[in-house]
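# Tertiary structure, described
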Amino acid sequence: MKDLFTTGEAAEICRVSQQTIIRCFDSGRLEGFRVPGSKLRRIPRQSLIQFMKENNIPIDNIEPGRMKEVLSLPEIKQRYDAEWVLIGDPETNDDFSIKKGVVLWHSKDRDEVYRKARELHPNHSAILCIAKLPDDVAVVL
Amino acid sequence: MNIKFDPKRGLIVIPTRLFGIHTDTIVQLALDTGATSSMINWDVAVLLGYDPASAKERIQVTTGSGVEFAPPIVVKKVEALGRSLENFPILCHTLPPSATVDGLLGLDFFRGVRLVVDLQAGIITL
């Protein structure tokens, strides 16, 4: 597991520009240190995680295995029952029904999932509501 | 193409692939033969890179609960049920989360083709 990150690596993990990371580093919002005898910045893992949490940046990129797993649709339904999920790089059948994919975000709050989808901006994605309409609810659109 | 659905309950939900400026996403749209226009939730349009807020016109939308005005966007490509339409106009209007879908696939998507909804077998065919 990597314990130190360059500003470029941190930018990639946070999905922001390197300049943004450098600005946050220089202002003290992102803690780190300079390599002795040089101007190179280094960011410890825990500082980066703290920074990501403070700024509501999903930590799945830095936590190997967390929310990176490819799940089948039945697994997604089982794990995220009654939630909205954002699926990255979905594998689908011909009719675009989901076969499997990586859950990038999940929440009972649909608008949170939409918001995260805009932030993460995956190239190929799917949005799915796992919740079923209750039997005693009618929908008239 | 055929899609199965539960004929006894719920909406008929059609997985639909929408193409944006640089991205694509698959959303779940309810088949709505009572709607003349297709519609997606506002945030889905933004996710795809469109800006409904900057649309110059607002289309009058008559719903079961009144009249509203919604901006149209032109989606690069819409694919569903084996049909693919380019530069397809869609209204942006957010349905309540309890609808469990990201919008509606209306009659405009199906005009000129044969759509069969078998509510006995639970199969929709296009």
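Check the entry above for the structure.
Residues numbered from 1 in each chain as written. Chains lettered and ligands numbered in written order. Predicted model: local features only at pLDDT ≥ 70, side-chain atom pairs only at ≥ 80, totals over all residues. Heavy atoms only, no water.

### Focus on the overall build of chain B
Our working definition: Numbering goes from the N terminus for both helices and strands, where a helix is a DSSP run of H or I of at least four residues and a strand is a run of E of at least two. Using C-alpha atoms as the atom set, the radius of gyration is obtained and then compared with a globule rule of 2.2 Å times the number of residues to the power 0.38. Classification of residues uses two cut-offs on accessible area relative to the type maximum, computed with a 1.4 Å probe and protein chains only: under 20% is buried, over 50% is exposed, and between them is partly exposed. Note on contacts: a residue pair qualifies if any of its non-hydrogen atoms lie within 4.5 Å across the two residues. For every accessible area listed, the method is Shrake-Rupley and the probe measures 1.4 Å; residues are considered covered only by the protein chains on display. Charged-residue counts in this description rest on Lys and Arg as positive and Asp and Glu as negative, His and the chain ends being excluded. For charged residues, the charge sits on one atom: NZ in Lys, CZ in Arg, CG in Asp, CD in Glu.
Secondary structure assignment for chain B yields 2 helices and 11 strands. Over its C-alpha atoms chain B spans a radius of gyration of 14 Å, differing by no more than 12% from the 14 Å that the globule rule assigns to 126 residues. Across the 126 residues of chain B, 48% fall into the buried class. Relative to all contacts within chain B whose residues are 6 or more apart in sequence, the contacts with residues 24 or more apart total 59%. For chain B, the exposed area adds up to about 6,100 Å²; of that, 52% sits on carbon and sulfur atoms. Here chain B holds 11 positive side-chain charges and 12 negative ones, and the gap between their average locations is 6 Å.

### Examining the pattern of salt bridges
Residues and elements named next belong to chain A. Going by this rule: In what follows, salt bridge is the name for a side-chain nitrogen of Lys or Arg lying within 4 Å of a carboxyl oxygen of Asp or Glu.
Applying the stated criterion to the full structure yields 11 salt bridges over all chains. For the salt bridge of R41 with D26, the shortest nitrogen-to-oxygen distance reads 3.1 Å. Of this pair, R41 sits in strand β3 (residues 41–44) while D26 sits in helix α2 (residues 18–27); the two residues are 15 residues apart in sequence, bridging distant segments of the chain. On the basis of relative accessible area, D26 is assigned to the partly exposed category, the value being 46%. Here D111 ties to R110 by a salt bridge, and the two come within 3.2 Å at their closest N and O atoms.

### Looking at the sheet that holds β3 of chain A
Whenever strands of a sheet pair, they do so through backbone hydrogen bonds, lying parallel or antiparallel. Residue and element names in this part refer to chain A. As a reminder, the rule being used: Criterion used throughout: strands pair if DSSP finds at least two bridges between them. Interaxial angles span 0 to 180 degrees and are taken between N-to-C directions of axes, which are lines fitted to C-alpha atoms, for helices over the stretch in contact.
As summarised here, the arrangement of the 3 strands in space is β1-β3-β2, forming an open sheet in which the pairing is antiparallel. The open sheet has two edge strands, β1 (4–5) and β2 (33–34), and neither has a second partner. Sheet strands in contact with α2 are β2 and β3, and its direction is about 80° off that of β3. Taken strand by strand, helix α3 (residues 45–54) contacts β1 and β3, and its axis lies near 75° from that of β3.

### Notes on the environment of R114 of chain B
Residue and element names in this part refer to chain B. Mapped onto the elements, R114 comes out in the loop between α2 (107–110) and β10 (116–118). Expressed as a C-alpha distance, the spacing of R114 and L126, which sit 12 residues apart in the sequence, is 6.0 Å. Those residues in contact with R114 that lie beyond four places of it in its chain are T125 and L126.

### A word on the environment of P15 of chain B
Residue and element names in this part refer to chain B. Tracing the chain through its elements places P15 in strand β2 (residues 13–19). Residue class for P15 comes out buried when judged on its relative accessible area of 7%. A C-alpha to C-alpha distance of 18 Å links P15 and H93, two positions 78 residues apart in sequence.

### Quick notes on the side chain of T16 of chain B
Residues and elements named next belong to chain B. Going by this rule: The term polar contact refers here to a pair of N or O atoms within 3.5 Å; inside protein, the definition further demands a hydrogen-donor-capable atom paired with an acceptor-capable atom, and it admits residues adjacent in sequence only when both atoms are side-chain atoms.
Tracing the backbone shows T16 in strand β2. Classification of T16 as buried rests on a relative accessible area of 0%. At 2.9 Å, the side chain of T16 forms a polar contact with the backbone oxygen of I14. Excluding anything up to four places from it in sequence, T16 contacts T25, I26, V27, L29, V78, E79, A80 and L105.

### Description of the packing of helix α1 (residues 7–14) of chain A against α3 of chain A
Residues and elements named next belong to chain A. Short version of the rule: Two helices crossing with the near one rotated counterclockwise from the far one by less than a right angle form a left-handed crossing, whereas a clockwise rotation gives a right-handed crossing. Any residue outside Ala, Val, Leu, Ile, Met, Phe, Trp, Tyr, Cys, Pro, Asp, Glu, Lys and Arg is labelled polar, Gly included; the first ten of those are nonpolar and the last four are charged.
Between α1 and α3, the shortest axis-to-axis distance is 12 Å and the interhelical angle comes to 35°. Taken as a pair, α1 and α3 cross one another with a handedness that is right-handed. Within the contact between the two elements, α1 uses A10, I13 and C14 and α3 uses L48, F51 and M52. Its residues assigned to classes, the contact of α1 with α3 shows 6 nonpolar, no polar and no charged.

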